[in-house]
Amino acid sequence: MDKPSPLALTPLALFLLFFVGSGLWYQFQGTEFAFYQISAPVAILPAIVLAVLLAKGPLNERINTFIEGVGDNTIITMVLIYLLAGAFASVAKAVGGVDATVNFGLSVIPPAFVLPGLFVIAAFVATSMGTSMGTIAAIAPIAVGVAEATELSLPLTVATVVGGAMFGDNLSIISDTTIAATRTQGCAMRDKFKLNFKIALPAALLTLVWLWFQSSTARVEVPGDYDLIRVLPYLAVLVLAVLGVNVMLVLFVGILLAGGVGLVLTPDYNVAQWSQDIYAGYTGMQEILILSLLIGGLGAMMKSQGGLAWVSSVIDRISRIGKREPGTRSGELSISAAVALTNVCTANNTVAILLAGSLARDIAQRHDVDPRRSASLIDIFSCVVQGLIPYGAQVLLAASTAKLSPLALIGNIYYCWLLALVALVSIAVGYPRLKVQPTRQLA
């Protein structure tokens, strides 16, 4: 890896300039679907070229670094989830599963509580499943159907699911972010959970109140007829998620059940049509799949050129400035900033925690920040950034499902904004206060 260099981050800035800048330009011109005029997988190409030009060493070596990033285990896992999520959503919709689920939900939940209900369901599923991606894949299609059946805003309704999914992913004890945060900081999962919950709960309650106000004027016509057996694929997916089954297996089972329901109940639905619906789901995920692969490669290039190391060094220098001052606020802010900036560069909250973990632990030791507190903060702020960057996997998946611009979603993901606010307030006021625990070595 090269020495720390801010120049290594310029490809990311170039990508955002093309991706966000072009969308804003076309929107200003009044063009429909402004953010789809130059698609993100194309907008990132100049950034990749720049990253290759900035890298040192033989050309083949630079390209190999990029390819290794594309083939990263986390990236490939996300791609497989995209494919299965797209296939499940496509088949379930084709056999009437979405309509049945929406009509069933609207017949049970009062209109004023539709949005809070979606948030709670997404939060519960994500906490049980340990993954925001699987939760969004399962519930976002239902949110789209709810928005179509009510007067609620489509971006707000889908963003509500993203917010609930990020809440659960942040708190779940089986989430990869929780595991990474506790292991890098050296604390027990239950201790981190208790501390994290005291910050996440106020943000969630504020979100629920806001969502209730937003949906208090919702008008729902008499729900249509529904056949409960068509709801079975979604119920199975939720139950298996709660039981902690691997997300890819959950989605695969959902595809089988949805196809089975279609073969039994839908006239003229056959294996050939089932196959076509699965493939249609694949193609619907093409843009997000390609972008995720390319972002993985770009992130590897920036890391190898010292971009992430430069971010860490800057945060480390800032944290050392306040070393002589008593208190832990400067340390906590430095820890939060380190993981947030790393997440902006990597677009992956788990990877950001792993990369910033050692720096966060060092800052915590120098500023007397409790390991439980540092683990909580790096998980919280990685969650906040991951839920708000327009090129993050969660936002891209939700936007692709709803056929929306990612920028149309991030302004409506109120939970992540409120979580950031509550976390910053907790740092400022020193909440919650921790009881001193004896030092212990974790296995």
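Being a predicted model, the structure only gives us computed values, none of them experimental.

Q: Break down unusual backbone geometry for me, with residues and values.
A: A positive phi angle is found at D268, which is not glycine, with a value near 65°. Its location among the elements puts D268 in the loop between helix 13 (247–265) and helix 14 (271–284). Phi at D368 is positive, roughly 55°, even though this residue is not glycine. With respect to the element layout, D368 can be found in the loop between helix 18 (349–366) and helix 19 (371–386).

Q: Help me get a handle on the pattern of salt bridges, residues and values and all.
A: Side-chain pairing between opposite charges can occur once the charged atoms of the two side chains come close. One pass over the structure, following the stated rule, counts four salt bridges. Across the pair R373 and E332 runs a salt bridge, and its minimum N-O distance is 3.1 Å. You can see R373 sitting in helix 19 and its partner E332 sitting in helix 17 (residues 329–346), a full 41 residues away along the chain. The two residues R373 and E332 agree in class, both being buried. Notably, a salt bridge pairs D362 with R366, separated by 3.1 Å at the nearest N-O pair. Of this pair, D362 and R366 both sit in helix 18, four residues apart, which is roughly one turn of the helix. The partly exposed category is assigned to D362, whose relative accessible area is 28%.

Q: So what about a nonpolar patch on the surface? Which residues, and what values?
A: A contiguous nonpolar patch, built from I173, F193, F197, L201 and L205 and spanning about 410 Å² of accessible area, is present on the exposed surface. Here F197 is to be found in helix 11 (residues 189–215). Of the residues examined, F197 reaches a relative accessible area of 33% and is grouped as partly exposed.

Q: Describe the state of the cysteines, and please don't skip the residues or the numbers.
A: Following the criterion strictly, the structure yields zero disulfides and no others. The thiol of C187 is not disulfide-bonded; the next cysteine sulfur, from C383, is found 17 Å away. Residue classification places C187 among the buried positions, given a relative accessible area of 7%. There is no disulfide at C383, and the cysteine sulfur nearest it, in C416, is 4.9 Å away. Look at C383 and you get buried, because its relative accessible area is 2%.

Q: Help me get a handle on the confidence of the model for the chain, residues and values and all.
A: Per-residue pLDDT for the chain has a mean of 82; in total, 90% of the residues score no lower than 70. Across the chain, the secondary-structure element scoring lowest on mean pLDDT is helix 6 (residues 97–108), at 73, and the one scoring highest is helix 22 (residues 414–429), at 93. Confidence drops under a pLDDT of 50 for residues 439–443, and excluding neighbours within four residues, the segment shows eight contacts in the predicted structure.

Calculation notes
Residues numbered from 1 in each chain as written. Predicted model: local features only at pLDDT ≥ 70, side-chain atom pairs only at ≥ 80, totals over all residues. Heavy atoms only, no water. Helix = DSSP H or I, 4+ residues; strand = E, 2+ residues; numbered from the N terminus. Salt bridge = Lys/Arg side-chain N within 4 Å of Asp/Glu carboxyl O. Buried < 20%, exposed > 50% of the residue type's maximum accessible area, 1.4 Å probe, protein only. Patch = residues over 30% accessible without salt bridge, like charges linked within 9 Å, V, L, I, M, F, W, Y side chains within 5 Å. Areas by Shrake-Rupley, 256 points an atom, 1.4 Å probe, with all protein chains shown as cover. Disulfide = S-S within 2.5 Å. pLDDT = per-residue confidence, 0-100. Contact = heavy atoms within 4.5 Å.

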